[in-house]
Amino acid sequence: MNVFNKINILLFIAIGLIFSCTKDPSIPINSSTKIEISKPTLSAITQVGATATAKADGGLNGDIIDKGICWSTTINPTVSNSQKLSGGLGEGPFIVNLPNLIPGTSYFVRAYFQSKNEIIYSEQMQFKTVDYQFASVATNSVTNITLTSVSAVGAVTATGGGMISTRGFCWNTSPTPTTANSHINVASGLGTFNADIPNLNPGTTYYLRTFATNQAGTAYGNQISFTTVSVKLATVGSISITSITKSGAFASGSITADGGGAISSRGICYSTNINPTITSSMYNNNGTGTGTVSYSISGLQTATTYYVRAYAINSAGISYGAQISFRTL
């Protein structure tokens with residue numbers, strides 16, 4: 001054997017010894033070799049939450065240093081670009097409750113496990129949270145009914161999962177009023193609220209409901225009807241007569257209350273017959289509103305008895321004061 005062949009033999013033996021003493025390199029753990037992660041299942045889906053269940057199988061417990069659920073509103077969520085919650089160490093089933101979700105929103109969910117070498121994800125699942133619901137609203141009561149106003153109390157008892165941006169009362173002279181009719185806004189949010197409803201007409205029946213608006217739309221409460229106080233006849237005081245002559249006298253009186261309605265006309269009426277009126281006797285128009293009325297009566301007959309009283313007109317009708325009589329000279 002020549003020297004060259006001896007060298008080749010020695011080199012071959014050395015190479016064999018080197019390879020026989022080196023360990024195989026570590027193979028990364030992944031879903032195709034040792035561990036499998038199941039596709040998550042979703043349950044208990046609400047407006048703001050859901051429960052995700054998954055399972056990691058295979059390998060040793062020490063191979064899985066973390067497992068859990070990640071989710072997002074965009075596809076293929078990861079632990080680095082979306083929200084995530086851990087389901088603990090090691091293999092086996094795990095449950096994660098997804099919090100703080102948005103109503104009526106689609107989410108993408110994946111289970112994951114993390115080994116010392118890599119992170120593996122499951123197949124993606126998609127679900128949608130329960131949508132916004134109409135708010136629950138109650139019309140509690142109406143009180144302090146007057147000629148032109150009423151006090152109303154209502155409440156938003158549930159938000160429907162949304163934000164109450166507007167709440168208040170709406171009313172009309174026809175049933176089932178809406179915000180397209182007369183309405184008043186009273187702040188926002190959950191809870192009891194109240195307001196004085198102004199500018200109503202006397203003696204009129206109204207229908208009133210609460211309302212509340214959130215992302216689902218506007219909801220209405222139960223309806224309450226009420227009738228405002230009617231206008232009453234004006235209150236007219238008695239007459240006094242002075243400066244009596246052969247053909248005249250001076251009459252004065254007062255309108256002390258308008259009965260809840262505007263006084264459109266007031267004055268003095270007189271006649272030789274008892275209980276004079278503005279339709280059957282002589283009279284004057286002394287203006288509008290409450291206050292003093294007076295009239296210098298002339299053109300009377302000598303030595304004649306006359307009957308006089310004040311009057312006032314509002315929307316309830318004509319009212320007269322107490323009658324007084326006098327006799328010309």
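Residues numbered from 1 in each chain as written. Predicted model: local features only at pLDDT ≥ 70, side-chain atom pairs only at ≥ 80, totals over all residues. Heavy atoms only, no water.

A. Examining the overall build of the protein more closely. Counting secondary structure elements, the protein contains 1 helix and 25 strands. For the protein, the proportion of its 329 residues judged to be buried stands at 38%. Sequence-distant contacts in the protein: of pairs separated by 6 or more residues, those separated by 24 or more amount to 65%. (Helix = DSSP H or I, 4+ residues; strand = E, 2+ residues; numbered from the N terminus. Buried < 20%, exposed > 50% of the residue type's maximum accessible area, 1.4 Å probe, protein only. Contact = heavy atoms within 4.5 Å.)

B. Layout of the pairing of strand S3 (residues 50–57). Bridge count between strand S1 (residues 36–37) and S3: 2 bridges; the pairing is antiparallel. Opposite Glu 36, over in S3, you have Asp 57 as the bridge partner. One ladder, built from 3 bridges, connects strand S2 (residues 41–43) with S3; its direction is antiparallel. Following the sheet pairing, Ser 43 is matched in S3 by Thr 51. Hairpin geometry of S2 and S3 is characterised by an intervening segment of 6 residues between the two adjacent antiparallel strands and by a positive phi of about 50° at Ala 44. (Pairing = 2+ DSSP bridges.)

C. Looking closely at the nonpolar core. If you look at the biggest cluster of nonpolar residues, it comprises 20 residues, and the most contacted ones within it are Val 142, Phe 169, Ile 197, Leu 200, Leu 208 and Phe 226. Going through the elements one at a time, strand S10 (136–143), strand S11 (150–158), strand S12 (166–172), strand S14 (191–197), strand S15 (205–214) and strand S16 (217–227) are the ones with two or more residues in this core. With sequence-adjacent residues up to four places away left out, Leu 208 is seen in contact with Thr 139, Val 142, Ala 152, Phe 169, Cys 170, Trp 171, Pro 177, Ile 197, Asn 222, Gln 223, Ile 224 and Phe 226. (Core = buried A, V, L, I, M, F, W, Y, C linked by side-chain atoms within 4.5 Å.)

D. Structural view of the packing of aromatic side chains. Following the criterion strictly, the structure yields 6 aromatic pairs and no others. Consider the rings of Phe 169 and Phe 193, whose centres lie 5.1 Å apart with planes at 50°: the pair is tilted. One end of the pair, Phe 169, is in strand S12; the other, Phe 193, is in strand S14, and 24 residues separate them in sequence. Both residues of the pair, Phe 169 and Phe 193, belong to the buried class. Between the aromatic rings of Tyr 206 and Phe 226, the centroid separation amounts to 5.8 Å while the plane-to-plane angle is 25°, which identifies the pairing as stacked. Highlighted residues: Tyr 206 in strand S15 and Phe 226 in strand S16, separated in sequence by 20 residues. As far as burial versus exposure is concerned, Tyr 206 and Phe 226 are alike and both buried. Stacked on the ring of Tyr 121, the Lys or Arg Arg 110 has its end atom at 4.3 Å from the ring centre. Above the plane of the ring of Tyr 320 lies Arg 309, whose end atom (NZ or CZ) is 4.2 Å from the centre. (Phe/Tyr/Trp six-rings, centres within 6.5 Å; stacked < 30°, edge-to-face > 60°. Lys NZ or Arg CZ within 6 Å of the ring centre and 35° of its normal.)

E. Summary view of the sheet that holds S10. What the 3 strands build is an open sheet, ordered S10-S11-S14; its pairing is antiparallel. Taken across any chain shown, the strands that pair with only one partner, and hence form the sheet edges, are S10 and S14. Averaged over neighbouring strand pairs, the angle between their axes works out to 20° when direction is ignored. In the sheet, S11 pairs with S14 via 7 bridges, with the strands oriented antiparallel. Residue pairing in the sheet places Val 156 in a bridge with Gly 191 of S14. (Axes fitted to C-alpha atoms, helices over the stretch in contact; angles between N-to-C directions.)

F. Representation of unusual backbone geometry in the model. Positive phi, normally seen in glycine, also occurs at Asn 275, with a value near 55°. Along the polypeptide, Asn 275 turns up in the loop between strand S20 (265–271) and strand S21 (282–285). Given the relative accessible area of 41%, Asn 275 is considered partly exposed. Phi angles above zero are rare outside glycine, and Ala 303 is one such case at about 50°. When you line up the elements, Ala 303 lands in the loop between strand S22 (291–297) and strand S23 (305–314).

G. Representation of the sheet that holds S12 in the model. Strands sit in the order S13-S12-S15-S16 across an open sheet of 4 strands; the sheet is antiparallel. With one partner strand each, in any of the chains shown, strand S13 (182–185) and S16 form the two edges of the open sheet. Each adjacent strand pair in this sheet contributes to an overall mean axis angle of 20°, direction not counted.

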